[in-house]
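Structural characterization, general
Now for the letters of each chain:
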Amino acid sequence: MAIFNLNDLHLFVQAVDSGSFTAAARHLGVPKSTVSKRVAELEGRLGVRLIQRTSRSFALTELGREFFQHAQASIIEAEMAEGIVRRHLAEPAGSVRLTASVPTAQFTLTEHLPALAARYPKLRLSMHVTDRFVDIVQEGFDIALRSHRMPLPDSTLVQRKLASHPFFILASPDYIRGHGQPRRPEDLAEHATIMTSLTDNQWRLYCDNGEEALVTLQSVMAADEPYVLMEAAAAGLGITCLPTSVCRQALATRRLVRLLPDWTAGSIETTILMPHRRGQLPAVRAVVDFLAERLAG
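Values in this document were obtained by computation on a predicted structure and should not be read as measured data.

A short note on the overall build of the protein
Each helix and strand in the protein was counted, giving ten helices and 14 strands. Its C-alpha atoms give the protein a radius of gyration of 33 Å, clearly above 19 Å, the size a compact globule of 297 residues would have. A burial count over the protein gives 40% of its 297 residues as buried. Pairs at least 24 apart in sequence give 74% of the contacts found in the protein among residues at least 6 apart. With the model as given, the accessible surface of the protein reaches about 16500 Å², and the carbon-plus-sulfur share is 53%. Taking the average location of the 32 positive side-chain charges in the protein and that of its 31 negative ones, the two points are 9 Å from each other.

This is the structure in structure tokens:
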């Protein structure tokens, strides 16, 4: 029983479809001698003549016509089989391990997970939420989502910046009604503030016109978790400062109001990190592109 080389079948079918070895070679971008030789080797393995060719004619033998029909069907089936594999590889599937800090997961990522699952039903996302430092290479993660004030250090990791979130100065409507609204940065010194640390009682503020101000504040409470800061401010305890990634919903529902709208307290960046060796896997690429689409801005 002859073992067919699929490439030889492909060259034979192309030669017949094109009407000559020359036309087939031109179509395939290979030398004419390659097509002629491979078809001859196919005939040799079969022990029969498939094509009668002279310097002036090129025609299938009777057996060649029957063989051509089956060879053509085989090529079509092979192409369909390859297409199935390619579509499977292109369709994101399998597990993707992602790590993020608690605030990043809570305020930046969580609301988008149902849409990710709906778009890629064969993809399984495994999230590890922690505020500790995670070595994503050593611990086997595909993606890390980081929010950071300072630039991340250079490393072998692939970095993709997604968004920049300015820090707004915020208070509840009840606090404003009871204590008034600051009009200039220096007015903040007369107000109760909720800080990230009792020992750090200053905010450096930046105006849209390029002006800067360093304000010393009266801290009445401190917390190193943004959700606590947000809830304390919403309860009317004082003025706080939060990135838009955290306070967006509270602003939309008027639980918090932005103060000094021309001023911010810097910004925080959201960046995706990936080990280079995993950056091109379809499932990982799908998650990264999805997050870039949803979080960019």
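Details of the domain arrangement of the protein
Domain annotation for the protein reports domain 1 (6-89), domain 2 (94-161 + 270-295) and domain 3 (165-268). The distance between the C-alpha centroids of domain 1 and domain 3 comes to 74 Å.

Here's the deal with the pairing of strand β6 (residues 158-171)
The two faces of a sheet get side chains in turn, since along a regular strand they alternate between them. Of the pairings in the sheet, the one linking β6 to strand β14 (residues 267-274) comprises eight bridges and is antiparallel in character. The residue of β14 that forms the bridge with H165 is I268. The pairing of β6 with strand β11 (residues 240-243) spans four bridges and is antiparallel. Its bridge partner lying in β11, F167 is registered against P243. Inspection of the sheet shows β6 paired to strand β12 (residues 257-259) by three bridges, in the antiparallel sense. What sits directly across from I169, in β12, is L259.

Observations regarding the layout of surface pockets
Estimated volume of the largest pocket: approximately 940 Å³. The wall of the largest pocket is formed by 39 residues, among which S147, R149, F167, T196 and I268 lie closest to the centre. Counting only elements with at least two residues in the lining of the largest pocket, the list comes to β3 (94-100), α5 (102-109), β5 (143-148), β7 (192-195), β8 (202-207), α8 (226-234), β11 and α9 (244-252). For the lining of the largest pocket, the element with the highest residue contribution is α5, accounting for five residues. Looking at the lining of the largest pocket residue by residue, the class counts come to 21 nonpolar, ten polar and eight charged. Both of domain 2 (94-161 + 270-295) and domain 3 (165-268) provide at least three residues apiece to the lining of the largest pocket. Its volume calculated, the second largest pocket comes out at about 190 Å³. Looking at the second largest pocket, it is lined by 13 residues, and the ones nearest its centre are F133, R146, S155, L157 and L273. Looking at side-chain class alone, the lining of the second largest pocket contains nine nonpolar, two polar and two charged residues.

Reading guide: rules and limits
- Residues numbered from 1 in each chain as written.
- Predicted model: local features only at pLDDT ≥ 70, side-chain atom pairs only at ≥ 80, totals over all residues.
- Heavy atoms only, no water.
- Helix = DSSP H or I, 4+ residues; strand = E, 2+ residues; numbered from the N terminus.
- Rg over C-alpha atoms; globule rule 2.2 N^0.38 Å.
- Buried < 20%, exposed > 50% of the residue type's maximum accessible area, 1.4 Å probe, protein only.
- Contact = heavy atoms within 4.5 Å.
- Areas by Shrake-Rupley, 256 points an atom, 1.4 Å probe, with all protein chains shown as cover.
- Lys, Arg positive; Asp, Glu negative; His and termini not counted.
- Charge placed at Lys NZ, Arg CZ, Asp CG, Glu CD.
- Domains from an automatic or database assignment.
- Pairing = 2+ DSSP bridges.
- 1 Å grid on protein atoms, 1.4 Å probe; cavity = no way out; pocket = protein on both sides within 12 Å on 5 of 7 lines; lining within 4 Å.
- Points joined across faces, edges and corners; volume = space filled by probe spheres on them.
- Nonpolar A, V, L, I, M, F, W, Y, C, P; charged D, E, K, R; others polar.

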